[in-house]
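Structural characterization, general
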Amino acid sequence: MYLLLSHLIIYLLLLTMVTGEILRPRFYSETCPEAESIVRNEMKKALIREARSVASVMRLQFHDCFVNGCDGSVLLDDTPNMLGEKLSLSNINSLRSFEVVDDIKEALEKTCPSTVSCADIVIMASRDAVALTGGPDWEVKLGRKDSLTASQKDSDDIMPSPRANATFLIDLFERFDLSVRDMVALSGSHSIGKGRCFSIMFRLYNQSGSGKPDPALEPVYRKKLNTLCPLGGDENVTGDLDATPRVFDNQYFKDLVSGRGFLNSDQTLYTSRETRGYVKRFSEDQGEFFRAFEEGMVKLGDLQSGRPGEVRLNCRVVNTRHSDVLLGDS
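Residues numbered from 1 in each chain as written. Predicted model: local features only at pLDDT ≥ 70, side-chain atom pairs only at ≥ 80, totals over all residues. Heavy atoms only, no water.

Across all of its chains, the model carries two cavities of 30 Å³ or more by this definition. Considered as a void within the structure, the largest cavity measures approximately 130 Å³ in volume. As for the largest cavity, its lining consists of 17 residues, and the residues nearest its centre are Asp 71, Lys 145, Gln 304, Ser 305 and Arg 307. Partitioning the lining of the largest cavity into residue classes produces three nonpolar, eight polar and six charged. The calculated volume of the second largest cavity comes to roughly 70 Å³. (1 Å grid on protein atoms, 1.4 Å probe; cavity = no way out; pocket = protein on both sides within 12 Å on 5 of 7 lines; lining within 4 Å. Points joined across faces, edges and corners; volume = space filled by probe spheres on them. Nonpolar A, V, L, I, M, F, W, Y, C, P; charged D, E, K, R; others polar.)

This is the structure:
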């Protein structure tokens, strides 16, 4: 009996380590009942200051959750002993609006010190970015802990490039138990925001090493992009990801159908037989897209590594006591 009980305890401990924190809606209802309203108010302020910023914050959920789960590791600054994720290939000169998360954290700390994790802030703020720009609103599950470390290599090994095709994206999402439908719907996050010329130069001038533009580009749209992103020009100039970059809607999918996808990884969703049906369906039915997007974001938010964590006081650095431990181990 004692042996059986011991095995049961070990099994439960292992289960907890693998599955991570137990997430649930209204996690802060007693410890910080104003948490979600504080996050939304700060996101409203960010939207007024710079419309693009909320799209940038939403994108943080993708870049955080795919790399060792939704643990706020993408927010950590580099240290002498740690190369974090901010300078990884998919993030450098691309991820932005970290200051919005800082503002949210500061507001929360004033009301509920040492209570709300940065990982949960990213999840709430991503939902609010969508809701505040005309998209769906949904209940988020909370209760995550913040990572004690971050890894540039882990990010480089996982995150896709703008050149990725549909087959690569399908395989990537399947690794995280996300379906083809989830992948196409979540790609609709590009309904708001902007992308850099750097990400499309090969499409405009040397697709697949051909020395020619991507034949999938609609000619008038291609000329517009040629003007925006000329050879030898500033590759940090930005262009709209769809025709309504400040409104979360299904215009993104309509643009893909007409050959006006900004990124190769976007347009490939329509040129690929495996994903074209979902693109057409979402382009014709915004309600279905919204439902699929909600479901995908919840599933994405469930990803966890099971690693130990904390509630950071500053989203960019681990708390001092853990920092000291990490330095001592190096």
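Read on, since the account is not over.
Moving on, we get to the UniProt feature "binding site: Ca(2+) 1" (unreviewed entry) in the protein chain. UniProt annotation of "binding site: Ca(2+) 1" (unreviewed entry) refers to Asp 64, Val 67, Gly 69, Asp 71, Ser 73 and Glu 85 when read in the numbering used here. Spatial clustering of the annotated residues is evident: they stretch over 22 residues in sequence, but the largest pairwise C-alpha distance comes to 13.1 Å. Residues that both appear in the annotated list above and line the largest cavity are Gly 69 and Asp 71. Following the sequence through the fold, Gly 69 ends up in the loop between α3 (51-65) and α4 (98-111). (UniProt positions renumbered as here; feature names shortened; annotations may be inferred. Helix = DSSP H or I, 4+ residues; strand = E, 2+ residues; numbered from the N terminus.)

Once that is clear, we can look at the state of the cysteines. All told, the structure shown has four disulfides when counted by the stated rule. Each sulfur of the disulfide joining Cys 197 and Cys 229 lies 2.0 Å from the other. Around the S-S axis, the bridge from Cys 197 to Cys 229 shows a dihedral of about -70 degrees and counts as left-handed. In this pair, Cys 197 sits in the loop between β4 (194-196) and α9 (201-205) while Cys 229 sits in the loop between α10 (219-228) and β5 (238-240), placing the two residues 32 residues apart along the sequence. Each member of the pair Cys 197 and Cys 229 is classed as buried. Cysteine pairing for the protein chain (bonded cysteines numbered in sequence order): 1-4, 2-3, 5-8, 6-7. (Disulfide = S-S within 2.5 Å. Buried < 20%, exposed > 50% of the residue type's maximum accessible area, 1.4 Å probe, protein only.)

To continue, consider the domain arrangement of the protein chain. Entries for the protein chain in the domain assignment read domain 1 (25-158) and domain 2 (166-302). Between domain 1 and domain 2, the C-alpha centre-to-centre distance is 23 Å. On the side of domain 2, 25 residues touch domain 1, which itself brings 26 residues to the contact. For the pair domain 1 and domain 2, the summed buried area comes to about 2,200 Å², and 67% of that belongs to carbon and sulfur atoms. On inspection of domain 1 and its partner domain 2, the count reaches one salt bridge. Note that Asp 302 is salt-bridged to Lys 141, the shortest N-O span being 3.0 Å. Inspection of the domain 1/domain 2 interface yields seven residue pairs in polar contact (both at pLDDT 80 or more). Looking at the side of domain 1 that touches domain 2, the elements with two or more residues in it are α3 and α5 (118-132). Broken down by element, the residue count for the side of domain 1 that touches domain 2 peaks at eight residues, all from α3. (Domains from an automatic or database assignment. Contact = heavy atoms within 4.5 Å. Buried area = accessible area lost by both parts, 1.4 Å probe. Salt bridge = Lys/Arg side-chain N within 4 Å of Asp/Glu carboxyl O. Polar contact = N/O pair within 3.5 Å; in protein donor to acceptor, adjacent residues only side chain to side chain.)

Right, let's talk about the environment of Leu 313 for a bit. One can find Leu 313 in the loop between β6 (309-310) and α15 (320-329). Among the residues examined, Leu 313 registers a relative accessible area of 48% and is labelled partly exposed. The spacing of Leu 313 and Cys 118 is 195 residues in sequence and 8.6 Å in space, taken between C-alpha atoms.

Turning to the layout of surface pockets, a few remarks are in order. The gaps of empty space that remain are located by a probe, the size of a water molecule, rolled over the atoms. Considered as a void within the structure, the largest pocket measures approximately 1,100 Å³ in volume. In this structure, the largest pocket is lined by 41 residues; those nearest its centre are His 63, Ser 90, Ser 94, Pro 162 and Leu 263. Per-element accounting of the lining of the largest pocket gives the leading share, five residues, to α3. Its residues assigned to classes, the lining of the largest pocket shows 18 nonpolar, 15 polar and eight charged. Viewed by domain, the lining of the largest pocket spans two of them, domain 1 (25-158) and domain 2 (166-302), each represented by three or more residues.

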